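# Summary of the model geometry
If you want the building blocks of each chain, they are given just below.
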Amino acid sequence: MTDTNRKLPSRASRAEVNAFLERVAATPARQPSGGRGRLVFALDATASREPTWDRACEIQGRMFSETAALGGIEIALVYYRGFGEFSASEWLSDSATLVHRMTAVSCLGGRTQIAKVLNHAIAATRKKKINALVFVGDCAEEPVDELCHLAGELGLLGVPVFIFHEGNDPGAARAFRQITRLTNGAYCAFDSSSADQLRDLLSAVAVFAAGGRRALQDYSQRAGGEVRRIARQIK
């Protein structure tokens, strides 16, 4: 997508946020025996996301800083852009390094490469179990059946996919919803006016990946504010 002047939808409704958080809470936590939680964090870095990229970097940096304070999580940063460029970092546990990696990325025009993201997660969890895949993007230009096949493989491997959809592309929404359904994950839309909301939702998923529902509840007691209000909504 190259039309950066499209009208963005209003921020997700409270009912939609509640539904997303309930889905996170209902997802089984699968901790690797004797190890840290592992989260693959994937981003679309094509040109259509450039207007909100700086803001997204700030949100993600805060999310990882908050999560790193908990300990017990490793994060691999994945992104695609340009003409087939795809990058996947090693597993990182230092928040400063993660923030540096994210802020160093600039957007470059190109088609989506979501299949590569899903294939990377499949390969990674076959080597050592990962607890969740988070993807942030605005469109899906690949065959939906191909993406759903890969999502089904991730579902069988027990890796939930949580997708945060920027913008209002209906085709992407349909594809993203199917991917999350096949992996027992969750989908949530956001826009440029809901930055704080996105930060809190991302934090919820990251903390869940680190330790499941109990860790999220414990974290909310320390963090307070919006995190505590979100945790109270999770049954």
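Cut-offs applied
Residues numbered from 1 in each chain as written. Predicted model: local features only at pLDDT ≥ 70, side-chain atom pairs only at ≥ 80, totals over all residues. Heavy atoms only, no water. Helix = DSSP H or I, 4+ residues; strand = E, 2+ residues; numbered from the N terminus. Contact = heavy atoms within 4.5 Å. Areas by Shrake-Rupley, 256 points an atom, 1.4 Å probe, with all protein chains shown as cover. Pairing = 2+ DSSP bridges. Buried < 20%, exposed > 50% of the residue type's maximum accessible area, 1.4 Å probe, protein only. Core = buried A, V, L, I, M, F, W, Y, C linked by side-chain atoms within 4.5 Å. Arc of directions from axis to C-beta. Axes fitted to C-alpha atoms, helices over the stretch in contact; angles between N-to-C directions. Parallel < 35°, antiparallel > 145°, perpendicular 65-115°, else oblique. Left-handed = near helix turned anticlockwise from the far one by under 90°. Polar contact = N/O pair within 3.5 Å; in protein donor to acceptor, adjacent residues only side chain to side chain. Salt bridge = Lys/Arg side-chain N within 4 Å of Asp/Glu carboxyl O. Phe/Tyr/Trp six-rings, centres within 6.5 Å; stacked < 30°, edge-to-face > 60°.

## Details of the overall build of the protein
- The helix and strand inventory of the protein stands at eight helices and six strands.
- The helix and strand sequence of the protein, counted from the amino end, reads α-β-α-β-β-α-α-β-α-β-α-β-α-α.
- At a minimum sequence separation of 6, the contacts of the protein that also span at least 24 residues come to 80%.
- Of the roughly 10,400 Å² of accessible surface on the protein, 49% is carried by carbon and sulfur atoms.

## Observations regarding the pairing of strand E3 (residues 85-88)
- Bridge count between strand E2 (residues 73-81) and E3: four bridges; the pairing is antiparallel. Bridge pairing in E3 links Tyr-80 to Phe-86.
- In textbook terms, the turn of a hairpin is the stretch between consecutive antiparallel strands, and for E2 and E3 this stretch comprises three residues, one of which, Gly-82, has a positive phi near 60 degrees.

## Section: the pairing of strand E1 (residues 37-44)
- Here E1 lies mainly inside the structure; eight of its eight residues are buried.
- The side-chain alternation of E1 yields two buried faces, one formed by Gly-37, Leu-39, Phe-41 and Leu-43 and the other by Arg-38, Val-40, Ala-42 and Asp-44.
- In terms of strand pairing, E1 meets E2 through eight bridges, oriented parallel. If you follow Gly-37 over to E2, its bridge partner there is Ile-73.
- Note: E1 against strand E4 (residues 132-137), five bridges, orientation parallel. Along E4, the bridge assignment pairs Val-40 with Leu-133.

## What about the nonpolar core?
- In terms of nonpolar packing, the biggest core is built from 28 residues, with Leu-39, Phe-41, Val-134, Phe-162 and Phe-164 touching the most fellow members.
- In terms of residue count, helix H7 (residues 195-223) provides more of this core than any other element does, eight residues in total.
- One finds Val-40, Ala-121, Ile-130 and Val-159 within the second-largest nonpolar core, a separate group that totals 26 residues.

## Describing helix H3 (residues 95-103)
- Looking only at H3, the buried set comprises Ser-95, Leu-98 and Met-102. Summarising the axial view, the buried residues of H3 lie within an arc of 60 degrees, below the 170-degree limit, and thus occupy one face. Among the exposed residues of H3, those pointing more than 90 degrees away from its buried face are Ala-96 and His-100.

## Looking at the packing of helix H4 (residues 114-127) against helix H5 (residues 144-156)
- Contact pair H4 / H5: the axes reach a minimum separation of 10 Å and the direction vectors enclose 20 degrees. As judged from the angle between their axes, H4 and H5 are roughly parallel. As H4 runs across H5, the sense of the crossing is left-handed. Mapping the contact onto sequence places Ile-114, Ala-115, Leu-118, Asn-119, Ala-121, Ile-122 and Arg-126 in H4 and Glu-146, Leu-147, Leu-150, Ala-151, Glu-153 and Leu-154 in H5.

## Observations concerning the environment of Ala-76
- With respect to the secondary-structure elements, Ala-76 resides in strand E2.
- Each C-alpha atom, one on Ala-76 and one on Ala-124, is 9.9 Å from the other, the two residues being 48 residues apart in sequence.
- What Ala-76 contacts, discounting residues up to four positions off in sequence, is Leu-39, Val-40, Phe-41, Ser-89, Glu-90 and Trp-91.

## Some thoughts on the side chain of Asp-44
- With respect to the helices and strands, Asp-44 occurs in strand E1.
- In this structure the side chain of Asp-44 is engaged in a polar contact, spanning 2.5 Å, whose partner is the side chain of Thr-46.
- Within the local environment of Asp-44, its side chain forms a polar contact with the side chain of Tyr-80, the two groups lying 3.3 Å apart.

## Description of the pattern of salt bridges
- The full count for this structure, using the stated rule, is four salt bridges.
- Here Arg-126 ties to Glu-153 by a salt bridge, and the two come within 3.4 Å at their closest N and O atoms. Here the residue Arg-126 occupies a position in helix H4, and Glu-153 occupies one in helix H5, the gap between them amounting to 27 residues.
- Note on Glu-153: relative accessible area 23%, which makes it partly exposed.

## Describing the packing of aromatic side chains
- Using the criterion set out here, one finds two aromatic pairs in the structure.
- Centroid distance Tyr-80 to Phe-135: 6.3 Å. Interplanar angle 15 degrees. Geometry classified as stacked. Of this pair, Tyr-80 sits in strand E2 while Phe-135 is found in strand E4, placing the two residues 55 residues apart along the sequence. Here Tyr-80 matches Phe-135 in class, with each residue buried.
- Geometrically, the ring pair formed by Phe-135 and Phe-176 is edge-to-face, given 5.8 Å between the ring centres and 70 degrees between the ring planes. Here the residue Phe-135 occupies a position in strand E4, and Phe-176 occupies one in helix H6 (residues 170-182), the gap between them amounting to 41 residues.
- Overall, the relative accessible area of 3% leaves Phe-135 in the buried class.

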